[in-house]
Amino acid sequence: MAEPARLVEVVRSGYVESVHRGSVAVATPDGELVAWAGDPEARTFARSSMKPLQAAVSLSLASEDELTDAEVAVAAASHNAESVHLEAVAAILDRAGLSFTDLRTPPSLPLDPEEARAAAGPAPELHNCSGKHAAMLLACVRQGWETETYPDRAHPLQRAIQDAVRLAGGEEPDLAVDGCGIPVHAVSLGAIATLYARLGRGDALGALAPFAGRVLGAMRAEPYLVAGRNRACTDLMREAPGVVAKVGAEGVFCAVIPSEGLGVAVKIEDGASRAAPPALLHTLRELGVLEEAAAARLGAWTAPPVLGGGEPVGVLRAAFELERA
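Asks: Account for the overall build of the protein chain, naming residues and giving values.
Replies: In terms of helices and strands, the protein chain carries 13 helices and 12 strands. Rg of the C-alpha trace for the protein chain: 19 Å, near the compact-globule value of 20 Å for 325 residues, within the 12% margin. In terms of principal-axis extent, the alpha carbons of the protein chain reach across some 60 × 45 × 35 Å. When the 325 residues of the protein chain are sorted by exposure, 55% land in the buried category. For the protein chain, restricting intrachain contacts to residue pairs at least 6 apart in sequence, the fraction spanning at least 24 positions comes to 64%. Counting only carbon and sulfur atoms, one obtains 50% of the accessible surface of the protein chain, whose full area is about 12,700 Å². The averaged location of the 42 negative side-chain charges in the protein chain is 2 Å from the averaged location of its 28 positive side-chain charges.

Asks: So what about helix H7 (residues 189–200)? Which residues, and what values?
Replies: Residues lying three or four places apart along an α-helix face the same way, a consequence of the helix completing one turn every 3.6 residues. In this model H7 runs 17 Å from its N-terminal to its C-terminal C-alpha over 12 residues, within 8% of the 16 Å that 1.5 Å per residue would give. The element H7 is extensively covered by neighbouring structure, given that 11 of its 12 residues are classed as buried. All of the buried residues in H7 are Leu-189, Gly-190, Ala-191, Ile-192, Ala-193, Thr-194, Leu-195, Tyr-196, Ala-197, Arg-198 and Leu-199.

Asks: Which residues make up unusual backbone geometry, and what values do they have?
Replies: Phi at Arg-47 takes a positive value of approximately 50°, unusual for a residue other than glycine. Of note, Arg-47 is situated in the loop between strand E4 (43–45) and helix H1 (51–61). Overall, the relative accessible area of 23% leaves Arg-47 in the partly exposed class.

Asks: Which residues make up the packing of H1 against helix H8 (residues 209–221), and what are the values?
Replies: Direction vectors running N to C along H1 and H8 enclose 120°, while the axes themselves pass 8 Å from each other. As summarised for this structure, H1 and H8 are arranged oblique, according to the angle between their axes. Between H1 and H8 lies a crossing whose hand is right-handed. In contact with Pro-52, Ala-55, Ala-56, Leu-59 and Ser-60 of H1, H8 contributes Phe-211, Ala-212, Arg-214, Val-215 and Met-219.

Asks: So what about the pairing of strand E6 (residues 183–188)? Which residues, and what values?
Replies: Extensive coverage of E6 is indicated by the burial of six of its six residues. In terms of strand pairing, E4 meets E6 through three bridges, oriented antiparallel. Bridge pairing in E6 places Phe-45 opposite Ala-186. As defined by bridge partners, strand E5 (residues 174–177) adjoins E6 across four bridges and the pair is classed as antiparallel.

Asks: Give a description of the environment of Glu-82 that names residues and reports values.
Replies: As for its position among the elements, Glu-82 is in the loop between helix H2 (69–75) and helix H3 (83–95). Judged by its relative accessible area of 5%, Glu-82 is buried. Each C-alpha atom of the pair Glu-82 and Gly-228 lies 7.5 Å from the other, and the pair is 146 residues apart in sequence. Non-local contacts of Glu-82, meaning those with residues more than four positions away in its chain, are made with Glu-115, Tyr-224, Ala-227, Gly-228 and Arg-229.

Asks: Kindly report on the pattern of salt bridges, identifying the contributing residues and their values.
Replies: One pass over the full model with this rule turns up 18 salt bridges. Measuring nitrogen to oxygen at the nearest pair gives 2.8 Å for the salt bridge that ties Glu-71 to Arg-95. Separated by 24 residues along the polypeptide, Glu-71 in helix H2 and Arg-95 in helix H3 bring together distant segments of the chain. The salt bridge involving Arg-166 is made with Glu-172; its shortest N-O contact spans 2.7 Å. Arg-166 gets classed as partly exposed once you look at its relative accessible area, which sits at 31%. Because the salt bridges share partners, they merge into one network encompassing Glu-82, Asp-112, Glu-114, Glu-115 and Arg-229.

Asks: Which residues make up the environment of Asp-69, and what are the values?
Replies: On the secondary structure map, Asp-69 appears in helix H2. Exposure remark for Asp-69: the relative accessible area of 30% places this residue in the partly exposed category. Ignoring anything within four residues of it in the chain, the contact list for Asp-69 reads Arg-214, Ala-218, Ala-221 and Glu-222. Within the structure, the side chain of Asp-69 is placed 2.6 Å from the side chain of Arg-214, a separation counted as a polar contact.

Asks: Quick rundown of the sheet that holds E4? Include the residues and the values.
Replies: The strand order across the open sheet built from three strands is E4-E6-E5, with neighbouring strands paired in antiparallel fashion. The open sheet has two edge strands with one neighbour each: E4 and E5. Going across the sheet, the axis of each strand differs from the next one's by a mean of 30°, ignoring polarity. The strands touched by H7 within the sheet are E4 and E6, with E6 carrying the most contacts at an inclination of about 105°.

Asks: Before we move on, could you go through the packing of helix H5 (residues 130–143) against helix H6 (residues 156–169) and cite the residues and values that matter?
Replies: Put simply, H5 and H6 touch, their axes get as near as 10 Å, and they point 115° apart. One element, H5, and the other, H6, form an angle in the roughly perpendicular class. At the point where H5 passes H6, the crossing takes the right-handed sense. Of H6, the residues touching H5 (which contributes Met-136, Ala-139 and Cys-140) are Leu-157, Gln-158 and Ile-161.

Calculation notes
Residues numbered from 1 in each chain as written. Predicted model: local features only at pLDDT ≥ 70, side-chain atom pairs only at ≥ 80, totals over all residues. Heavy atoms only, no water. Helix = DSSP H or I, 4+ residues; strand = E, 2+ residues; numbered from the N terminus. Rg over C-alpha atoms; globule rule 2.2 N^0.38 Å. Buried < 20%, exposed > 50% of the residue type's maximum accessible area, 1.4 Å probe, protein only. Contact = heavy atoms within 4.5 Å. Areas by Shrake-Rupley, 256 points an atom, 1.4 Å probe, with all protein chains shown as cover. Lys, Arg positive; Asp, Glu negative; His and termini not counted. Charge placed at Lys NZ, Arg CZ, Asp CG, Glu CD. Expected span 1.5 Å × (residues − 1). Axes fitted to C-alpha atoms, helices over the stretch in contact; angles between N-to-C directions. Parallel < 35°, antiparallel > 145°, perpendicular 65-115°, else oblique. Left-handed = near helix turned anticlockwise from the far one by under 90°. Pairing = 2+ DSSP bridges. Salt bridge = Lys/Arg side-chain N within 4 Å of Asp/Glu carboxyl O. Polar contact = N/O pair within 3.5 Å; in protein donor to acceptor, adjacent residues only side chain to side chain.

Structure follows, in structure tokens:
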């Protein structure tokens with residue numbers, strides 16, 4: 001078994017202060033591993049990086065509804081709970097004849113610090129997963145399924161999502177409970193990369209393919225709805241429109257490059273979210289799909305500064321090279 005690689009170094013005043021280890025997998029839609037670092041066979045929970053596929057399943061079950069790009073994008077989002085996000089969540093629920101009170105997301109404060117300071121208190125709609133949950137509720141209403149227990153793994157919606165994960169990743173997932181309360185899926189990092197590749201080249205997804213394409217198109221068209229201000233997903237998709245990217249908790253960050261037929265999955269072993277963007281963006285640069293000018297404009301993510309006395313005194317830097325098949 002391969003060991004996690006030294007992916008990202010934290011350099012302060014020329015001294016390597018910390019190291020984040022982890023693994024990277026790059027795969028094609030047929031499941032071929034074409035590049036990697038560390039252990040691409042390590043199993044991990046996909047966390048919120050599974051949201052584009054979950055949104056595709058929800059859309060497939062509510063297909064008579066013509067959602068806007070903003071609504072589809074927020075269904076795949078880990079959003080900041082800015083007003084534009086909450087408006088899109090409310091619009092999805094309104095289509096279902098429901099409201100924020102029907103969400104089963106835990107009451108939360110917004111991810112965005114400014115919005116968190118302004119919030120009256122925790123609320124279900126402020127949870128970063130409320131768009132995903134709203135789309136799930138719409139699917140349940142359209143299918144005539146019970147809406148109180150939609151987060152339960154035995155619910156037909158969650159069984160449909162588990163089938164989709166199995167189909168798209170090519171592995172049997174292990175299940176647990178995600179932070180927002182619905183099932184979370186653990187497969188190998190290579191399977192997550194394959195899943196992302198198949199989102200972009202949907203032949204392997206069968207009837208789900210057009211809905212996966214719809215989700216990726218909406219994320220590309222409305223990257224702000226996928227995350228928001230000061231967020232890596234939004235900034236990356238704005239600077240590299242050929243890439244669709246989605247972050248997950250515990251140091252997971254994934255991307256699909258449809259034109260290249262490639263999916264990329266990154267996992268930071270210690271779960272540090274700060275290390276995932278430098279690792280993913282470095283991978284995209286090595287694959288030749290992130291231009292140097294765009295990488296420079298994304299400097300806050302490709303090489304985040306380390307501060308001392310409020311001034312930059314160092315950097316987080318990628319410290320690996322991809323191995324190739």
